[in-house]
Every structure is written in structure tokens, then in C-alpha cells.
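# Commentary on secondary and tertiary structure
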Amino acid sequence: KGYDFVVRALAHIPTKVRPKLLIVTNGGSHTWKSYIQQIADRLGVELSVKTMISDNELVDLYNRARLFVYAPYLEPFGLAPLEAMACGTPVVAVKEGGGRESVVDGETGLLTERDEQTFAAAVMEVFPNIQRINRMGEACVDTVRSFWTLEHATRRLMTHLDRARLSQINYCRNTITNHNATNES
């Protein structure tokens, strides 16, 4: 999930202004938690890990968070950024996998390359700026409401299916036309 990357990236931020990191997960072994905690302790990153929390608590955490950071390795679709955005929480994400699809760079958050210093700089570009956080938070909610609802997803799916169907029909017509032209020769 890239938690080690996030911890190392946050370590590049000066201690006085470094945000605390809260990781929320559906599971994870004791070994994994110990590994992440050791990295955080060694680098001086204040870390808490919450496991198996209720949906209500998760929404509360998203609502209270100033920023959501997201750096999984090539996750195909990131639901967590959309959850944060639905709660009005801007996202700083690595520009890979699902993050590219859900985060609107410069509007609902920032997208960066997988580079710890670049990621840390993006966090600090947003984190201390309450006006920007509020502006991005509003854009987050608007984006989720206008693009990521079930109704909008269904409409996009139907558009893709219609294109595929029309493509197949055109392919069949061209095949028949070419076959007929060949037989008439």
C-alpha cells in the first residue's frame, strides 16, 4: 500500500511543521505494523495505526483530516481517495494507478511522481494553507457528486458499451461488404 513510502516522504518535512500520520487499514499483520512503526520511529514521524474501524468512524476521520495522502503501488482503482474527497478532504497522491483517475491535479488535490521529496513538497504545498484546503475540499465534493455517483458511472458504462456495440456492427458490415466485393470480382 505504500505506507513506508509515505512515512519516508513525511520525514523530509521539518519536524516543527510535519503533519502527524494516521493509517487506517482493514487488517495487516503484527509484523507489518511493527515494520511501519519502526520506520516512523527511526525517522521521527508521529504515526498512529487504526485497524478495523466502523464506517461511521472512518467518515469522522475523513471529515476531521486536513489532507489525505495516498501512495499505493499501481493499485488499479483507488476507492480511498474518493471516500476522502466525498468528505471534502483534499488528496495528495502518487501519479500511478487509480490515483490518476480520481484526483484532479491542482483542483481536488495534487498528483506527484513516486519521489519522497516531491511528495513531501506537495504535502507542504497544501497542508499549511487552510484557504487552499477549503477550496480544494469544495472541489472534492463537487467532483464526487458530478462524476463519481452510481448514476454517472452507469451512464459512462453504457456509453462505452454502446461504442463497443457500434464498433462490432461496423466491423460486421465492413466484413460483409468486403466479402461481397471479393465474390463479385
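Keep in mind that this is a model prediction, so the values were computed, not measured.

For the protein, the count of helices and strands is 8 helices and 5 strands. Shown N-terminal to C-terminal, the secondary structure of the protein runs as helices and strands in the order α-β-α-β-α-β-α-β-α-β-α-α-α. Principal-axis analysis of the C-alpha atoms gives the protein an extent of 80 × 35 × 30 Å. Each of the 185 residues in the protein was classed as buried or not, and the buried ones make up 35%. Relative to all contacts within the protein whose residues are 6 or more apart in sequence, the contacts with residues 24 or more apart total 58%. Summed over its atoms, the accessible surface of the protein is roughly 11,400 Å², and 53% of this surface lies on carbon and sulfur atoms. Side chains of the protein give 21 positive and 21 negative charges; the mean places of these two sets differ by 2 Å.

This part covers the environment of Glu-125. Relative to the helices and strands, Glu-125 resides in helix α6 (residues 116-126). As a C-alpha pair, Glu-125 and Leu-110 span 15 residues in sequence and 9.0 Å in three-dimensional space. In this structure Glu-125 touches Leu-110 and Arg-132, once residues within four positions along its chain are discounted.

Next up on the list: the pattern of salt bridges. Going through the model one piece at a time under the given rule, you end up with 8 salt bridges. We note a salt bridge from Arg-64 to Asp-60, for which the minimum N-O separation is 3.0 Å. Of this pair, Arg-64 and Asp-60 both sit in helix α3 (residues 55-64), separated by 4 residues, roughly a single helical turn. On the basis of relative accessible area, Asp-60 is assigned to the partly exposed category, the value being 36%. Where Glu-125 meets Arg-132, a salt bridge forms, and the shortest distance between an N and an O atom there is 2.9 Å. Judged by relative accessible area, Arg-132 falls into the buried class, the value being 16%. Sharing partners across several salt bridges, the network here consists of Asp-4, Arg-8 and Glu-116.

Strands sit in the order β3-β4-β5 across an open sheet of 3 strands; the sheet is parallel. Two strands close off the open sheet at either side, each with one partner strand: β3 (68-70) and β5 (109-112). Neighbouring strand axes in the sheet, compared pairwise and without regard to direction, differ in orientation by 10° on average. Note that β3 and strand β4 (residues 91-94) share 3 bridges and pair parallel. What sits directly across from Tyr-70, in β4, is Ala-93. Contacts between α6 and the sheet are confined to β3, β4 and β5, with β5 contributing the most and set at about 170° to the helix.

Thresholds applied
- Residues numbered from 1 in each chain as written.
- Predicted model: local features only at pLDDT ≥ 70, side-chain atom pairs only at ≥ 80, totals over all residues.
- Heavy atoms only, no water.
- Helix = DSSP H or I, 4+ residues; strand = E, 2+ residues; numbered from the N terminus.
- Buried < 20%, exposed > 50% of the residue type's maximum accessible area, 1.4 Å probe, protein only.
- Contact = heavy atoms within 4.5 Å.
- Areas by Shrake-Rupley, 256 points an atom, 1.4 Å probe, with all protein chains shown as cover.
- Lys, Arg positive; Asp, Glu negative; His and termini not counted.
- Charge placed at Lys NZ, Arg CZ, Asp CG, Glu CD.
- Salt bridge = Lys/Arg side-chain N within 4 Å of Asp/Glu carboxyl O.
- Pairing = 2+ DSSP bridges.
- Axes fitted to C-alpha atoms, helices over the stretch in contact; angles between N-to-C directions.

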